[in-house]
Structure formats: structure tokens, C-alpha cells
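Each chain, letter by letter, is given below.
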Amino acid sequence: MTAITSARGNTEVVNVRRTEAHDVSGIISLISYFTEKTFGRINVIYLLEKANLAVTLSKKNEVIAHAAFLDYPNWNIVDQADWESFLHENYSDKKCTPLNTLFMHLFVANDEYAVGCAQEIIRTVFNAVPEVHFILLFVPSHVDLGKSLGTFFEQMMSVPGSTIDVDFTLFVCHRHQHCPQLYIRKARVEDHDDLMPIFMHQNEILRETYGEYFLAELIDAQDEKNHAVVCEDDGTAVGFMSVCSEVNIQLLHDCFDLGPFHGLCKPHPDDILKLPQEPSIETGIRVMNESSICPELMDTKTEDVLPQTLDIATSHSTTESKEGVNIVSNAELPIDDAIGTDLKAAGTPTLETDERDSFHPVYRGAVTAFCIQYSVSNFCIITVPHLVPEFLLIQNFVRVNPSSNSTLDHELYVFHRAGLLKSFKVRAATTSDTPAVEMLIKTLDLNESILDDLKVFTQARRDPDMEYIRSHYNLEDFIYFNHHQQEEHGHLYHFALNPIFHHYTKYFLKEILRLAYKSCLYYPIYPQSVDGEFQNPYAHSLTSALHYMVPVRPRRQIVYPLEKLGINAPSKQVSKDQLSYALNHINRKLMLEPKVSVNARIVVVGASNVGISFLETLIFCPHLKFNNLTLISTHGLPGKNPPDSKNRGFLIHSHCFNDKDYALMSLCSWVNVVVGKMTGIDRAAKHVVVSKGKKVPYDHLVLCTGQQYQVPCPTGAEISKLQTNREVIHSCKQRYTGEVPTKLFNLSDDQDCLKAGHWLKENFINSHGNVIVYGNTTDIYSTAQTLLSLGIHGSRIHLVQPPLSSNVTCLNNNAIEKAVKEALSENDVCVYYDSILAQWNEGDHPDPITCASFTTNTRPFKLQCTAFFNFSNKGVDYETFKAINDACLVYDGRLVIDANFHTNDVTIRAAGPLTKFSNIYYANEWTHSNFSSKEIGFQLAAAMLNLFDPTLEPVSEPPEDLDRLIPMYKGCKIQGGVLPGGYNYLHISKPGIPTRLDVQITQPNYGMEIITGDATKGNYFRIHVNQYCMVETITCLSKEPFPVSNYICLFGQHERVLNNLCSRWKEGLIKDLYSYFREPWSMAIYHDRFIDLKKELRQILISSQVRKMTMDGELILSEKPKKYLKRFFQQNIYKRRVEESILSYLNYNNYHLPMYAWPGIV
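Predicted, not measured: the structure shown is a model, and the values here were computed from it.

Draft legend 1. Structural detail: the overall build of the protein. Looking only at helices and strands, one finds 37 helices and 50 strands in the protein. Residues classed as buried in the protein amount to 54% of the 1162 residues present.

Draft legend 2. Focus on the packing of helix H21 (residues 609-619) against helix H28 (residues 933-945). In contact at an axis separation of 7 Å, H21 and H28 are set at 45° when each is read in the N-to-C sense. Classified by the angle between their axes, H21 and H28 sit oblique to one another. The element H21 and its partner H28 pack so that their crossing is right-handed. Contact with H21, carried on its side by Asn609, Val610, Ser613, Phe614, Glu616, Thr617 and Leu618, involves Ser933, Lys934, Ile936, Gly937, Phe938, Leu940, Ala941, Met944 and Leu945 of H28 and no other residues of that element.

Draft legend 3. The environment of glycine 794, seen in detail. With respect to the helices and strands, glycine 794 occurs in the loop between helix H25 (779-789) and strand S36 (797-800). Distance from glycine 794 to serine 825, taken between C-alpha atoms, is 8.8 Å for residues 31 residues apart in sequence. Beyond its immediate stretch of four places on either side in the chain, glycine 794 contacts Leu788, Asn827, Asp828, Val829 and Cys830.

Draft legend 4. Structural detail: helix H17 (residues 505-515). Taken across its 11 residues, H17 has eight buried, putting it largely inside the fold. Lining the buried residues of H17 we find helix H4 (83-90), strand S21 (520-525), strand S23 (582-587) and helix H20 (588-591).

Draft legend 5. Local environment of the pattern of salt bridges. For the structure shown, the criterion picks out 31 salt bridges. Here glutamate 411 makes a salt bridge to arginine 399, at a shortest N to O gap of 2.9 Å. Of the two residues, glutamate 411 is situated in strand S19 (residues 410-416) and arginine 399 in strand S18 (residues 398-399); the sequence distance between them amounts to 12 residues. There is no split in this pair, since glutamate 411 and arginine 399 are both buried. Salt-bridge contacts for lysine 882 lead to aspartate 886; the nearest nitrogen and oxygen are separated by 2.9 Å. Taken together, the residues lysine 882 and aspartate 886, both in helix H27 (residues 878-886) and four residues apart, mark about one turn of the helix. In this structure aspartate 886 comes out as partly exposed when scored by relative accessible area, which is 48%.

Draft legend 6. Structural detail: the nonpolar core. Core analysis: the biggest nonpolar cluster contains 122 residues, and Leu264, Phe614 and Leu703 have the highest contact counts within it. No other element matches H21, which puts six residues into this core. Counting residues in hydrophobic clusters, the runner-up holds 64 residues, among them Ile64, Val108, Val132 and Phe153.

Draft legend 7. Representation of the packing of helix H34 (residues 1090-1101) against helix H37 (residues 1134-1148) within the structure. Axis separation between H34 and H37 bottoms out at 10 Å; the angle between their running directions is 165°. On the basis of their axis angle, the class for H34 and H37 is roughly antiparallel. Here the hand of the crossing between H34 and H37 comes out right-handed. Each of Phe1090, Leu1093, Glu1096, Leu1097, Ile1100 and Leu1101 in H34 lies in contact with H37, whose residues at this interface are Tyr1134, Arg1137, Val1138, Ser1141, Ile1142 and Tyr1145. When the residues that make up the contact of H34 with H37 are grouped by side-chain class, the tally is nine nonpolar, one polar and two charged.

Draft legend 8. Here's a closer look at the sheet that holds strand S3 (residues 53-59). Reading across from one edge, S1-S2-S3-S4-S5-S6-S8-S7 is the order of the eight strands in this open sheet, with mixed pairing throughout. Each edge of the sheet is formed by a strand with only one pairing partner; in this case those strands are strand S1 (2-5) and strand S7 (154-155). Both strand S2 (residues 11-18) and S3 contribute to a ladder of four bridges, which runs antiparallel. Across the sheet, residue arginine 18 finds its bridge partner in S3, namely valine 55. Contacts between H4 and the sheet are confined to strand S5 (101-109), strand S6 (134-140) and strand S8 (168-174), with S6 contributing the most and set at about 75° to the helix.

Draft legend 9. Representation of unusual backbone geometry within the structure. Along the chain, aspartate 847 connects to proline 848 via a cis peptide bond; the corresponding omega equals 0°. In this fold, proline 848 is placed in the loop between strand S38 (836-840) and strand S39 (851-855). The backbone phi angle of leucine 264 is positive, close to 60°, even though this residue is not glycine. For leucine 264, a relative accessible area of 0% puts it in the buried group.

Draft legend 10. Geometry of the sheet that holds strand S29 (residues 678-682). Strands sit in the order S29-S30-S31 across an open sheet of three strands; the sheet is antiparallel. Taken across any chain shown, the strands that pair with only one partner, and hence form the sheet edges, are S29 and strand S31 (694-697). Between one strand and the next, the sheet's axes are offset by a mean angle of 25°, whatever the strand orientation. Note: S29 against strand S30 (residues 687-690), four bridges, orientation antiparallel. Bridge pairing in S30 links glycine 680 to valine 689.

Draft legend 11. Region of interest: the packing of aromatic side chains. In total, this model carries 39 aromatic pairs according to the counting rule given. With a centroid separation of 5.5 Å and 80° between ring planes, the pair formed by tyrosine 736 and tryptophan 840 is classed as edge-to-face. Here tyrosine 736 is found in the loop between helix H23 (725-728) and strand S34 (744-745), whereas its partner tryptophan 840 is found in strand S38, with 104 residues between them in sequence. Residues tyrosine 736 and tryptophan 840 agree in their burial class; the two are buried. Ring centres of tyrosine 774 and phenylalanine 854 lie 5.7 Å apart, and the angle between their planes is 40°; on these two criteria the pair is classed as tilted. Here the residue tyrosine 774 occupies a position in strand S35 (residues 771-775), and phenylalanine 854 occupies one in strand S39, the gap between them amounting to 80 residues. Its relative accessible area of 6% is what places tyrosine 774 among the buried residues. Judged by relative accessible area, which is 0%, phenylalanine 854 ranks as buried. Ring-pair connections join several aromatic residues into one group, and the members of that group are Tyr736, Tyr774, Tyr832, Trp840, Phe854, Phe861 and Phe868.

What counts, and where the lines are drawn
- Within each chain, residues carry numbers counting from 1 in the order of the written sequence.
- pLDDT decides what is reported in this predicted model: residues at 70 or higher carry local features, side-chain atom pairs at 80 or more are listed and counted, and totals for whole chains, interfaces and linings draw on all residues regardless.
- The side-chain figures draw on all heavy atoms in the structure; neither hydrogens nor water molecules are used.
- Strands are runs of DSSP state E lasting at least 2 residues, helices are runs of H or I lasting at least 4, and numbering of each runs from the N terminus.
- A 1.4 Å probe rolled over the protein chains alone gives each residue an accessible area, and that area as a share of the maximum for its type sets the label: buried under 20%, exposed over 50%, partly exposed in between.
- The axes used here are C-alpha line fits, helices contributing only the stretch in contact, and every angle between their N-to-C directions lies in the interval 0 to 180 degrees.
- When an angle is under 35 degrees it counts as roughly parallel; over 145 it counts as roughly antiparallel; between 65 and 115 it counts as roughly perpendicular; any other value is oblique.
- Two helices cross in a left-handed way if the nearer one is turned anticlockwise from the farther one by less than a right angle. They cross in a right-handed way if the turn is clockwise.
- The contact criterion used is simple: two residues touch if any of their non-hydrogen atoms lie within 4.5 Å.
- Note on definitions: salt bridges are taken to be side-chain nitrogens of Lys or Arg within 4 Å of carboxyl oxygens of Asp or Glu.
- Buried Ala, Val, Leu, Ile, Met, Phe, Trp, Tyr and Cys residues form a nonpolar core when they are joined through side-chain atoms within 4.5 Å.
- Under the convention adopted here, Pro, Cys and the residues Ala, Val, Leu, Ile, Met, Phe, Trp and Tyr are nonpolar, Asp, Glu, Lys and Arg are charged, and Gly plus all remaining residues are polar.
- Strand pairing is assigned whenever DSSP identifies at least 2 bridges connecting the two strands.
- Side-chain rings of Phe, Tyr and Trp, where Trp is taken by its six-membered ring, are said to pair if the distance between their centres is within 6.5 Å; with planes under 30 degrees apart they count as stacked, over 60 as edge-to-face, and otherwise as tilted.

All quantities given are derived from atomic positions and should not be read as evidence of function.
Written as C-alpha cells, this is what we have:
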């Protein structure tokens, strides 16, 4: 907020901010005849799409001034790529460059406040973009700038003999007229009183630590190795910096990867930068499947190998680089050597270098760095606590990757003296640049690919497939697509930049757009296959620009019945199925918009659906950059199974995420991965202990390990004594503490399923023996079907179901249960009910398992077995429980949290089935298990974003009478898989406490159910519509595959939206719901933006008349309210506005919805 003064002397407080889309109408209202004479006729929306910077002044949501700035001249005076040479040839001022100059393309303001607004906007531009020193403006020669702009702009004189167009005059506004020019001098003790308020404004930690006069003592202690300087404005010290030439270089070597900066030392002939004997690539490398601790993946694993090729940073060789092998300084691999340098983000294989990972480069040269505490040295360094936000100074520094075993609680930033250069030039590459580029990138893994692409790009241009990108990614979160021409979209293939110029990345990108006549750039990140091979010829090199781009969310795609749609189907570019990739984007609007860097160490334990959803939400925040996200997981990141793997069918699918989703978000580009299991939490030291004692420090810890199937504990009952369940029912609930048999499979995730599948193929399928599947969850049926699909005969499969803990079965549908039982019987699968595990191997040594005994309500029995699949006793892993309990976190059957996910430690949050709500809520029957895990993860991230996102409003405390209510989430819960008989199964339901279906149906407010088909015939479809006519439950059982993602969209829809579903059903017009929901009319419901259309229509319908009726409550009507509203709707403009909104939606999304007709095509 700032105050401006009008021409009459009135003062107004206004808000200065970046322009937003909703400002357009206000800006247009300020355009006058003078504006058009000065700037020409302007399409405001188009201008905002192309502007590098747009600033608006508003007062109570009213726009009172606006200005737009671009990096090329207005009025099309000269080609946008050639203006620099044009200015230098024709005007006297030779200092203007693309780095320090912007052009004003529009300025409008309320006449009364025009001068004050212009001054504030200009000051804002110079403050927002420190590199800018000149704002230029071309104006027709016959136009007077007027007082508003004429006060701050002065004419730039042309040189004699200039050939410029005399119809235009160039004006310039200088930075020094609006921003103070600071005087830098050596600090004096007398500066103490001026400086202390500045320090105290930041925090009082320094004063509390070092005393009241620490600053005076620091200034007084200056000598040859310690210096202090201040910057002075009008005789007052306004800034302070203390530098020290003594640097603990060994500590920095131990904690950070300084290879890209040659260890901050001068080059020396005796430097040891690589192992004396390096194995060959073919024999010395083993491809890994896991991600690594690599906090800023793209910043120092690619361009950091470049400095040795430049004169200004001679011999700054990276860690050893040979055909893409990166050896990390002092890299002690955590967790069973399962962590390497993660290069998966752009198709580069992750490599494990075995004994080479312990290699530490040795630098013999003199240290060439000095330290800023808060010459001739080349590097300036500063360390900053993780929780301190990035301030303007260190935004010009390069953040250094910490080593994988670093526990230092500071971030390291480095600045090279060459980074002060302001005179370098960006130009189009030519064939003559090939030798220099080859030298620059010789250490990169994809150097040959880059050179090949360079040759191609100098001969022909390749543009991105924009029809596919627009239809598959939420690109319109960032641009108005229709205002960009096809040729204005560019595909970024490779980006390599010397790390000492890292702070110029955005300038480099901005120049690429200007010189190439582009408005947008796109950078895809393809997934890496399990075997580590490059997955396709379009694999890109790593790019240091990634963190300056924004990740684009993928769009949910409609599954089209292409045969039924025929010529009305969407184009092949939209409906084609190609390799999925994560998309990153930058455009002109985003170029000068800063990102907020968050260095807080956020550690997530558990790659559950909750954990993945939490991480997904954080990384897709476009204005935030999380540098220290870490995931601790037993098997690393999920989504590494081959796409056609049958092994994933062991477990029922929650449909929260699949392998395609993982490819589309590319978590490995943003998240460091520690492969291991949490064994301890040190709350005092704030670190998590992982397998083998490795420590992972945190500032915020998120626990979402979920629940897993635990090893069943045999009751020990001797079947020779004919014991029954009644005699052993209590002992079966104990924790198993004996030796875990090797042939016992407790499946928790896809990696467990993959291993089980491989074992079965290698050791079981072609041999003799039986397999026991033990449990009473839906997973036993999907596992039985998977075993059958692997070729195992049903007679070798035994399903043993222990007694239910409640009266609700896992399928909770008699028709489906009947179909499954018949399918099991037809496949000769034996099923045993109410059976409790009594013994393995008749009580002898359990490994290997050869038989298992069970008790029942009547007679016990024994089964021979070679493999035992356990799906009983789901709970919190014991090691996880012990780590939580030893850390003194409150545990009551589950980890206790409050409504905001907090445990009793403010820095530790938890979510998912691991948790339960505190007893103060009196809601023990409700836990996160009752809700959608994906929604839980999203809400957890939303709660944490309040700590880091400065754009969010502060969260207010709830009223006293509401702070004891648990949050209720609305997302649906989903189960899906393939059941015995080859039935494709899907169950979608609202969150809630499980209740028997036959009991629900008897309730008076149940609503109605619609069923078509027969479960045993494989065409069963059931929809439950509640009393409010909303779809509440969907259950499908079909022999044929069906579009799950489409059916999920039906949940929560009103039956009228579904083409009057209930009335059509009652009239007998619906014979098959599968066919009904494949009809063309339903496609719009499956569209990802249908929810936005509903919100828009709701806003139209909530008219002032409706609000009056609902608020007053005393409106006297001569007819029923519903009839009145219908008549009111028909007689007023709302009907037309609704129709226009729907037609606009269909027209704008016609590439997805070509099966609909709208005026103009029929």
C-alpha cells in the first residue's frame, strides 16, 4: 500500500500490484483519446499476454492506473530483434541494452491522480527489476506527453546523420531519478545507531546471542582479514555487509558439492579431480532405479560442468564427468548404497558408481573465496539458515547443492566476480558456433544429442505439438491460448549455462523469446524406464532453466467411445495415446515475475497416496520453489513398474495415482529421495533416523506411512486337540515376534507386487505346491485373479478368510459376492471361511513354510503350501510405531493429531490411515481412513502452504464453538481391480463409516438405486441416487473394460445433469447404464472443466431476487417458490445468459467436445 496525491492536493492510499486478468475492464475504461494518440489503438488483453511486466494501481478494487512494459519498442518502430543496434546507431545514449531497458507500451490513469500514479508505477518497475536502468517510450512527434509522463521522461537526442523516422520521438526515464544512488564506504562505529533498527527489524537473534553491542564490536574488530562496509543514503547508513577472508573450506567440502566451482580454490597442477583408475562405462556402471538426495536437481548437475570451458572461470571442472557419470564430492551413499545422483528427470540414467561414490576431489590450490558474515578472491560466499527467506542479495547468488550426507543447518550461496558483468550478448546460434558449443558441453551425458540437435536447428525449425499440449495440459492457467499464434510457441530442447551466470537465466530466456519471436517456451521431461535406457529419441538434456519455469498440471482426459462417435470424435492429435511427459512452461508474463524460494527442509515419510498428493500440491505451486523436499520411502518413488506389468493386479487400486500420473508430475525432478525405513525421530536435533543409522535433518516433518499388512501371528493352537476359534480368538491379535518366513508375502505397494510376481514365475508356476491367500479384504480376490492369470491352476490356490471384525464384508454387495463365489468355484479355487491361523509347519521352524494349520468354529484343518500371501491384520508398522513412541509423540492405537494435522510437536504433522483424531473431538469412529487419501494430502499441503506462501491471507483462528469439530472432506473413495472370473470391478462411494448395504437400503431417506445387468453375466451397473437426487454410489462389475475416469466424474452430480437419469429409468428408457454413459451427450460431464461451467452457471442463477428470497425468508408469494423461480428465470435475462455461457463453454472446448453442435456449425 502506498499514498499518492492528486492535482487538488487530496491523498489516496492505493495498492500497487501486478496486473491481473480481472483488471482488463477497468483498464479499458481509462483509455482516452490522448491514450490512443500516444500509444496507438491497443488490444488490452493481447498486450497483457505479451507484456514482460504490467503494473496496476487500484483503490478498493477500482483500477485507477495501469502501465505495461515490453522488451522491444512500441509503435513497431524497428524489428524487435534489432532494436539495440538501431538505438546505438541513431541516438546519443549508447548505454541501453536488452538487459537494462524496458519499453512502455501503455499508460492510463485517472486524470486527477495521473502524475502521482505515473511516479509510483515507474518507481515500482525500477524496484521490481533491479537490472533495469532505462524505460524508453516512442511517441508520435506531434503528440505532447502531457504532465503525467512528461514530468518523468526526457527526450533522447538523435545523432547527426541519423536515418530514424522523424514522425516519432524517443523519450527516456532514468533509474537514478527514482531510486536512491547509494554511497558505499567503510563502516564506522558511529554507524551503529543507524544500523541496529535494520537488524532488529529482521530478528533479534543476533542481539540475544552476541549481546547489545555486537554490531559495534564487529565494526571495531576490522583488520586485514575482516572488513565491514555500509551503504549510505543522504548521510544515513541504510545497509551493512561484513566480509571475512577466513573460510572453513574443509567444512564446505564436506557438506556441499563444490565441484562445479573447483572447490572454491585456484586451479593447481596437483589437483585430483577424478579417480586414478576409472572403470569403463560399459563395465563400471550399474543402473539404479532410485532417486537421490539432490536438492536442486537441475542447477548443478548440468550447467555446473561448464565453467572450465570459459576464460573467466578457468578449470572449474565439475565432479568427474565421463559420458554422464557424476561423482559427488564426499558422497557417502545413504541407505544401502541405494542413492545416486538423480538424472532421471530428463531421460538421463541414474548411475551408481559403487566404490567411486566415496571419492572426494582434492584441491591443492589456494582458497579463492571470502565469506559474508550475517581482495583478490574470485568467489563470495554466504551461508543462510534454512528457514530464512531468500532476500534480494542472494537471489543473485548460486545455491550450492548440499552433499547427500550433509546435516549442516545452513544453505550455501556462491557468487563469482564474473557475475558482475553486464555487457554479454545473446544471439542466434550458427554453424560456426559448433566447436565452441562442443567444448562447452563436452562433459555432459547428452553432449552428442545436443550437437546433433544444434545441427538440425541451424537448418530447420521444430515447433511443439500445440494441439496435443493444449488438450492435455492446463496451459490456460498461465496464458490465453487464442492470443498466441502457432509460431509463437517454442520447444526448449537443451539449455546449458555456466553456473556463475545462473542469476541471468531469466534474462537468457527472455532474450530467446525476443530474438526468436516467441511468446512461450515448453520443456518436457520424459519418464525413465526401469532398465535405465533412454525411453525415446526425444530425451532432452538436463536444463538449469527448470527452476525458473513453472510445472504445468496435466488435464484429466475423456475416454472417448471412438467407434460410437465416428466422424464426431476429436482429432487424433487430441485422442492419441503417446508417451506421457511432465511439461514445464515459461512465457513473457512470467519472465519478470519472481518465484519465492523455500529452503525449509520438508521431509515426508512414506510414499503413500497421501504423501504423493502432498508433494504434488507443493511442486505445482507456480510461484513457489521448494528446494529441500525429501521423501523417505522403502522403495523410493512409485510408478516404476513396466506399463504392461500383470504384477500390479495383486492389490486393489485406489485410483488416486497411476504410472501415467507419476510420469506427468515427474516428482524426481523436484523431490530428493531417501530409500529406507524410518527407525527413529530425534525431535531435539530435528532429524529422522533411517536404516543403518543414517540421519535426514528436517525443519518440518510429515508422517504419512499409512498402514500395512502385518505378519500374522499364529495362535499356537494344536489342531490335534481339535480346538476351535472360541478358544484362541484373543491370541490371534498379538504381534508376531518370531522369524519371518521367506515365502510369506506381505504386499504393500507395486514394488512388493513386482517382487512377488517374479518369485512366482521363477519358483512356483512350473513347480508343484499350493499357495494360501489369507485375509478378508478385497485384496484376496484380486490376488486370486492375478494368480489365475499367471497360469496357476485354481486347485493350487486356497483362499482362507478369518472371521470378520464387523458385519460389513469387503465387497458389501450380495450380487457381486455371489458372482465372485461362482467364479472361484468354476476355477476350482477352494475357499475356507472363519478360519484363524494356528501354526506354520506344525509349530516347528517356520522357514521355509511347507504347511499351515487353521482353526474354525468347528473342526481345524491343515493345508500344504509353498507360498503364503497375507492380507490380514492391517496396522501401523512396528518400527514406525517404535520411532513415533520413542519420540514421545502421542500414540493411542494410531498417531494422534488435531484437525490441522498437528501432532503434539508443532514441527511434525501427520495424515492418512496412520493417524486418528484426538479424543477431545469425541469422534473416534472417524479417521482419515474414512476419506479420500488424495484429498487428505491436498488439504495437508494447503495447511502447510500458509507457512510459506506470502500471497495467502493469514489463517484466522476458528470460533471457540467450532474448534472442536473435525474437518469433513467430500471427495469420493474409490476401489477398483480385477476379481476372479475376469470381472472388472469398480466401487465409488462417499466418505463415511462402512455400513451393510442391505441395512442402508431400509433407511427411509436412502433415495433410490438404479441397477442394470446381472453380476454373474458381467454387465452389472448400480447407481445410488440419494434423497437430494445426487449420485452417491457407483458400483460396476463387467467382463469388459470400462472407462473408470469417466465414471468417477459421475459422483456428486445431480441426476438432472445426467440427462434426467431418474425419470428416464422410471420410464423404462434405460436398459444398460454402460451404453447410456457412452452416449455422446455425456462427454461434457467427463470434461475436466465441467466443474468450472457449473460454478459459472450457479453464479448466474444466484440473482439478487433469489438472494432476497433466501435471506429475508418473509417474501410473500402467490405460488410455490420453485414455480416462481422457474417463471422468474424464463422471463428475465438469466435464461439467455445461461445459454450463452453453455455455448461459450462448448465452443471454447470444441477440440475436446466436437460432438456437440452450437450456432454457426448447423
